[in-house]
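# Coordinate analysis (summary)
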Amino acid sequence: MSGTSSVLNPPADAVAPVRHPDAPAPGELLGTHYEHCFGCGGGQEHGLHLAARAGEGVSVTAEFTVRAAHQGAPGLAHGGILATALDETLGSLHWVLRTIAVTGRLETDFLLPVPVDTVLYLEAEVTAVHGRKIYCTATGRLGGPDGDVAVRADALFIEVKVDHFIDNGRPEEIRAAMEDPDQVRRARAFEVNP
Ligand SMILES: CCCCCCCC/C=C\CCCCCCCC(=O)SCCNC(=O)CCNC(=O)[C@H](O)C(C)(C)COP(=O)(O)OP(=O)(O)OC[C@H]1O[C@@H](n2cnc3c(N)ncnc32)[C@H](O)[C@@H]1OP(=O)(O)O
């Protein structure tokens with residue numbers, strides 16, 4: 001079964017996404033946006049440890065190895081974990097747009113079971129932008145970047161400012177993040193968008 005809800009179709013006056021001039025070069029490893037992120041941080045023992053790279057245009061690629069801690073059924077990845085891998089890959093697009101955005105809607109198709117120890121080859125791209133709304137799509141493939149599609153998603157991300165996190169995050173983590181000059185510099189850099 002497939003098909004997306006109408007809110008994920010860009011309106012007629014949406015524009016094509018623009019790769020930011022300071023975006024990392026295609027192939028460059030993007031690193032984590034936050035050490036304790038479940039998707040990409042090194043500080044989460046059972047996290048996905050997803051490693052994303054800038055792609056051509058407004059796209060990224062990523063790899064995620066399914067581990068025993070990520071099971072739903074015996075020996076198989078949990079669907080929510082696979083949705084998280086797609087969400088994280090889509091979230092990494094902000095490095096190429098140089099815009100901070102959060103997931104508003106994420107619609108996922110699960111097409112093939114994904115066993116433990118599998119490497120999921122992910123790719124995401126922005127398809128259109130309309131004001132603060134960023135329309136994007138992602139796939140996760142088995143066996144290699146050109147392998148069979150196991151999971152796919154269409155999503156709508158919404159642009160936010162750093163204050164979104166400062167105003168809503170638990171104070172102790174926000175305090176710690178604000179005491180880390182690298183974290184503050186990295187987050188603020190994305191707010192300046194020529
Ligand atoms: C020093 C401090 C350091 C901080 C460091 C931070 C660094 C961070 C860097 C990078 C972070 C990247 C993280 C990636 C992680 C992976 C991605 C995730 O999992 S993100 C988490 C899950 N998502 C949420 O938690 C969103 C929760 N939702 C909200 O907060 C709000 O609903 C929000 C911001 C999404 C929208 O709220 P509004 O009040 O700002 O704006 P409104 O007016 O409601 O929406 C704007 C437009 O978007 C549409 N819209 C919004 N939500 C929609 C939805 N669910 N479906 C369809 N349309 C939606 C609306 O209809 C509106 O459209 P029209 O402009 O009128 O055409």
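Quick caveat: nothing in here was measured; it's all calculated off a predicted structure.

Now for the overall build of the protein chain. A tally of regular secondary structure across the protein chain gives 5 helices and 6 strands. Overall, the protein chain shows an N-to-C arrangement of helices and strands of β-β-α-α-β-β-β-β-α-α-α. Taken against the 2.2 N^0.38 rule, which gives 16 Å for 194 residues, the C-alpha radius of gyration of the protein chain at 16 Å falls within 12% of a compact globule. Each principal axis of the C-alpha distribution contributes one length, and for the protein chain these read about 45 × 40 × 30 Å. Going through the 194 residues of the protein chain one by one, you find that 31% of them count as buried.

Time to look at the nonpolar core. Core analysis: the biggest nonpolar cluster contains 40 residues, and Ala-85, Leu-93, Leu-122 and Cys-136 have the highest contact counts within it. For this core, the secondary structure elements donating two or more residues are strand E1 (51-54), strand E2 (59-65), helix H1 (79-91), helix H2 (94-97), strand E4 (119-130), strand E5 (133-142) and strand E6 (149-159). With residues near it in sequence (within four places) discarded, Cys-136 still touches Leu-90, Leu-93, Ala-124, Glu-125, Val-126, Thr-127, Ala-155 and Phe-157.

On to the pairing of E5, then. Two elements, E4 and E5, share 10 bridges in a ladder whose sense is antiparallel. Residue pairing in the sheet places Glu-125 in a bridge with Thr-137 of E5. Between E4 and E5, which pair antiparallel and follow one another directly, the connecting turn spans 2 residues, one of which, Gly-131, has a positive phi of 60 degrees. Here E5 runs beside E6; their pairing, made up of 9 bridges, is antiparallel. Bridge pairing in E6 places Gly-140 opposite Val-151. Between the antiparallel neighbours E5 and E6 lie 6 residues, among them Gly-143 with a positive phi of about 85 degrees.

This brings us to the environment of Thr-4. The topology assignment puts Thr-4 in the segment before E1. Residue Thr-4 is classed as partly exposed on the basis of its 15 C-beta neighbours within 10 Å. Counting along the chain gives 48 residues from Thr-4 to Ala-52, while the straight-line C-alpha distance between them is 26 Å. Beyond its immediate chain neighbours, meaning those up to four positions away, Thr-4 contacts Glu-107 and Asp-154.

This part takes up the site of the ligand. Surrounding the ligand, one finds 27 residues, the nearest of these being Gly-91, Val-102, Gly-104, Ile-158 and Ala-187. Counting residues per element, the ones that place at least two in the shell around the ligand are H1, strand E3 (101-110), E6, helix H3 (163-168), helix H4 (171-178) and helix H5 (181-189). At 4 residues, the largest contribution of residues to the shell around the ligand is made by E3.

Another aspect to go through is the pairing of E1. Because side chains alternate across E1, one face comprises the buried residues Ala-52 and Ala-54, and the other comprises Ala-51 and Arg-53, none of which is buried. Note that E1 and E2 share 4 bridges and pair antiparallel. From the neighbouring strand, Arg-53 faces E2, where its bridge partner is Thr-61. The hairpin turn running from E1 into E2, its antiparallel successor, is 4 residues long, and Gly-57 in that turn takes a positive phi close to 60 degrees.

One non-glycine residue with positive phi stands out, namely His-49, at about 50 degrees. With respect to the helices, strands and loops of the structure, His-49 is situated in the segment before E1. Accessibility expressed as a C-beta count within 10 Å gives 17 for His-49, which makes it partly exposed. Unlike most non-glycine residues, Asp-117 shows phi in positive territory, near 80 degrees.

Right, let's get into the UniProt feature "domain: Thioesterase" (unreviewed entry) in the protein chain. The positions UniProt marks with the feature "domain: Thioesterase" (unreviewed entry) are residues 75-140. For residues 75-140, the helix share is 26%, the strand share is 45%, and the end-to-end C-alpha distance is 18 Å.

Summarising the model, the protein chain shows a mean pLDDT of 95, and 97% of its residues fall at 70 or more. Of the two predicted TM-score estimates for the complex, the pTM is 0.96 and the ipTM is 0.97.

Conventions adopted
The residue numbering used here restarts from 1 in each chain and proceeds along that chain's sequence as written. This being a predicted model, a pLDDT of at least 70 is required before a residue's local features are given, and a value of 80 or more before pairs of side-chain atoms are given or counted; all residues contribute to the totals for chains, interfaces and linings. Helix and strand definitions follow DSSP, with helices as H or I runs of at least four residues and strands as E runs of at least two, each counted in order from the N terminus. Both definitions apply: the radius of gyration is a C-alpha atom measure, and the globule rule equals 2.2 Å times residues to the power 0.38. Exposure criterion: with C-beta atoms placed from backbone coordinates, a residue whose C-beta has 20 or more other C-beta atoms within 10 Å is buried, one with 12 or fewer is exposed, and one in between is partly exposed. Among buried residues, those of type Ala, Val, Leu, Ile, Met, Phe, Trp, Tyr and Cys that are joined through C-beta atoms within 7 Å form a set called a nonpolar core. Think of it this way: build a C-beta for each residue from its backbone, and any pair within 7 Å is a contact. Strand pairing requires that DSSP identify at least two bridges connecting the strands. We call a residue near a molecule or strand if the C-beta atom, set from the backbone, is within 6 Å of it. UniProt positions are given in the numbering used here, feature names are shortened, and annotations may be inferred rather than shown by experiment. You can read pLDDT as the predictor saying how much it trusts each residue, on a scale of 0 to 100.

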